[in-house]
Amino acid sequence: MKIGFIGLGKMGFNMASQLLERGHELVVFDLIPSAMDALAEAGAGTAASLGELCSALPSPRIVWMMVPAGEPVEATIAQLEPFLSTGDILIDGGNSRYTDSEARARRLALKGIRFLDAGTSGGLDGARHGACVMVGGEKEAYDAALPLFRDLTVEGGYGYMGPSGSGHFVKMVHNGIEYGMMQAMGEGFALMDASRYGLDLEEVARVWSNGSVIRGWLMELARDAFRRDGSLGYLEGRVADSGEGRWTVESALEHGVSVPVIAASLFSRYRSRDDNAFSDRVVAALRYGFGGHAMTPPKDAEA
């Protein structure tokens, strides 16, 4: 397929690279020219503007956005709209709030533009080698873009969730669960670190990664983090909140659903900004491991 791809940050660049390797034709756009240059070497076409990107695509166009949630998405859509036509498909692969995606789908439908909200999970490694994608929107548009979802994901790692907003809603809940899982891991390792046994936490994480009920990628990331430094002294336990946990708790309140673990993990992130607990350093290390999220070095670290 020939598509337009907008946004070549950490996730977008890797996803675009994977699509090129799978035989798709891409016309890419990013505000940073060097990101486009690197993909041009891999065979992508580049565009100097969003209008130029759209004019290079066959009709009906398929355009994938991978830009930060909120105003960047709004601004990108506003700039794209004049160049899109009836039947074109616009995909938001970022972490937009699901209610925003519902509103965008309704607004674009008035012009005949089909909007898909595609929640993407798997971190940087998944973006490059096979992610997990949850898609909401018009089923016919999903079917038309199916080759993209298939080639961006691991086997069985994509699916149609339902009407507009459902893809980003499912991704939001996914991230809320992720908050709780990482918080539980952080607290467990903190307890082991405080014990009298002098435990090798890298070894614990290695063993747990093989056959235990709580094995998985996060545990492997914990193993790698402890291999680098058993005390995680290379970072502070300041854990950022990118929005999805807050939205999950707000949605739970709206629907009258009890989510105490997710809520507590969200509030723990707020608390993490006031101290430097070992459990928070574990969570910060995990977030860096899967998503390349910024780490805060210790205040007394050498410049």
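Here, every reference points to the structure presented above.
Residues numbered from 1 in each chain as written. Predicted model: local features only at pLDDT ≥ 70, side-chain atom pairs only at ≥ 80, totals over all residues. Heavy atoms only, no water.

**Q** When you look at the sheet that holds strand β7 (residues 131-136) in this model, what are you seeing that I'm missing?
**A** Pairing between the strands of a sheet is mediated by backbone hydrogen bonds and can be parallel or antiparallel. The eight strands lie next to each other as β3-β2-β1-β4-β5-β6-β7-β8, forming an open sheet whose pairing is mixed. On the outer flanks of this sheet lie β3 (45-46) and β8 (153-162), each paired with one strand and no other. For strand β1 (residues 2-6) and strand β2 (residues 25-29), the ladder comprises five bridges, and the chain directions are parallel. Paired with Phe5 across the strands is Val28, a residue of β2. Helix α9 (residues 166-194) contacts β5 (89-92), β6 (114-121), β7 and β8 of the sheet and is inclined by roughly 15° relative to β6. (Pairing = 2+ DSSP bridges. Helix = DSSP H or I, 4+ residues; strand = E, 2+ residues; numbered from the N terminus. Contact = heavy atoms within 4.5 Å. Axes fitted to C-alpha atoms, helices over the stretch in contact; angles between N-to-C directions.)

**Q** Teacher, can you tell me more about the nonpolar core here?
**A** Most often, soluble globular proteins have nonpolar side chains that are buried together. The biggest cluster of nonpolar side chains holds 29 residues, and the ones touching the most others in it are Phe5, Leu26, Trp64, Ile91 and Phe149. Leave out the neighbours within four places in its chain, and Trp64 touches Ile3, Gly4, Phe5, Ile6, Met15, Ile91, Gly93, Ala118, Thr120, Leu148, Phe149 and Leu152. (Core = buried A, V, L, I, M, F, W, Y, C linked by side-chain atoms within 4.5 Å. Buried < 20%, exposed > 50% of the residue type's maximum accessible area, 1.4 Å probe, protein only.)

**Q** Any chance you could explain unusual backbone geometry here in plain terms?
**A** Of all residues except glycine, most have a negative phi; of all peptide bonds, most are trans. A cis amide bond links Ser59 with the next residue in sequence, Pro60, at an omega value of -5°. Take Pro60: it is sitting in the loop between α3 (50-55) and β4 (62-65). Even without being a glycine, Leu232 presents a positive backbone phi close to 55°. Within the secondary structure, Leu232 sits in the loop between α11 (217-228) and α12 (244-255).

**Q** It is not clear to me how the packing of α9 against helix α10 (residues 201-208) should be interpreted in this structure. Could you clarify?
**A** The relative placement of two packed helices comes down to the angle between their axes together with the axis-to-axis distance. One can describe the packing of α9 onto α10 by two numbers: an axis separation of 11 Å at closest approach and a directional angle of 135°. Of the possible angle classes, the one that applies to α9 and α10 is oblique. Viewed along their axes, α9 and α10 form a crossing whose handedness is right-handed. Residues Phe189, Met192 and Asp193 of α9 form the contact with α10, whose participating residues are Leu201, Val204, Ala205 and Trp208. Grouping the amino acids of the contact of α9 with α10 by side-chain chemistry returns six nonpolar, no polar and one charged. (Parallel < 35°, antiparallel > 145°, perpendicular 65-115°, else oblique. Left-handed = near helix turned anticlockwise from the far one by under 90°. Nonpolar A, V, L, I, M, F, W, Y, C, P; charged D, E, K, R; others polar.)

**Q** Would you mind going over the pattern of salt bridges with me for this structure?
**A** Proximity of charged atoms lets side chains of opposite charge pair with each other. One pass over the full model with this rule turns up 16 salt bridges. When the shortest N-O distance is used, the salt bridge between Glu138 and Arg114 registers 3.7 Å. Here the residue Glu138 occupies a position in the loop between β7 and α7 (139-144), and Arg114 occupies one in strand β6, the gap between them amounting to 24 residues. The class of Glu138 is partly exposed, set by a relative accessible area of 36%. A salt bridge links Arg227 to Glu202, with the nearest nitrogen and oxygen atoms 3.1 Å apart. Of this pair, Arg227 sits in helix α11 while Glu202 sits in helix α10, and the two are 25 residues apart along the sequence. Accessibility expressed as a relative area gives 49% for Arg227, which makes it partly exposed. Put simply, Glu74, Glu81, Arg104, Arg107 and Lys111 are held in one network by salt bridges that share partners. (Salt bridge = Lys/Arg side-chain N within 4 Å of Asp/Glu carboxyl O.)

**Q** How do you make sense of the pairing of β6 when you look at a structure like this?
**A** On a regular strand, one side chain projects to one face of the sheet and the next to the other, so that they alternate. The buried fraction of β6 amounts to eight of the eight residues, a majority that puts the element mostly inside the structure. Covered by surrounding structure in β6 are Arg114, Leu116, Ala118 and Thr120 together with Phe115, Asp117, Gly119 and Ser121, the residues of both alternating faces. Bridge count for β5 against β6 is four bridges, and the pairing is parallel. Across the sheet, Leu90 pairs through a bridge with Phe115, a residue of β6. Handedness of the crossover is the feature at issue here: the chain leaves β5, passes through helix α5 (residues 98-109), returns alongside β6, and the resulting connection is right-handed. Where β6 and β7 come together, five bridges link them in antiparallel fashion. (Right-handed = clockwise from strand over helix to strand, strands pointing away.)

**Q** Is there a simple way to explain the packing of aromatic side chains in this structure?
**A** The final tally for this structure, using the stated rule, is ten aromatic pairs. Taken together, a centroid distance of 5.7 Å and an interplanar angle of 50° make the contact between Phe189 and Trp208 tilted. Taken as a pair, Phe189 in helix α9 and Trp208 in helix α10 lie far apart in primary sequence, 19 residues in all. Owing to a relative accessible area of 27%, Trp208 belongs among the partly exposed residues under this scheme. On the numbers, 6.2 Å between centres and 55° between planes, the contact of Trp217 with Phe290 is tilted. (Phe/Tyr/Trp six-rings, centres within 6.5 Å; stacked < 30°, edge-to-face > 60°.)

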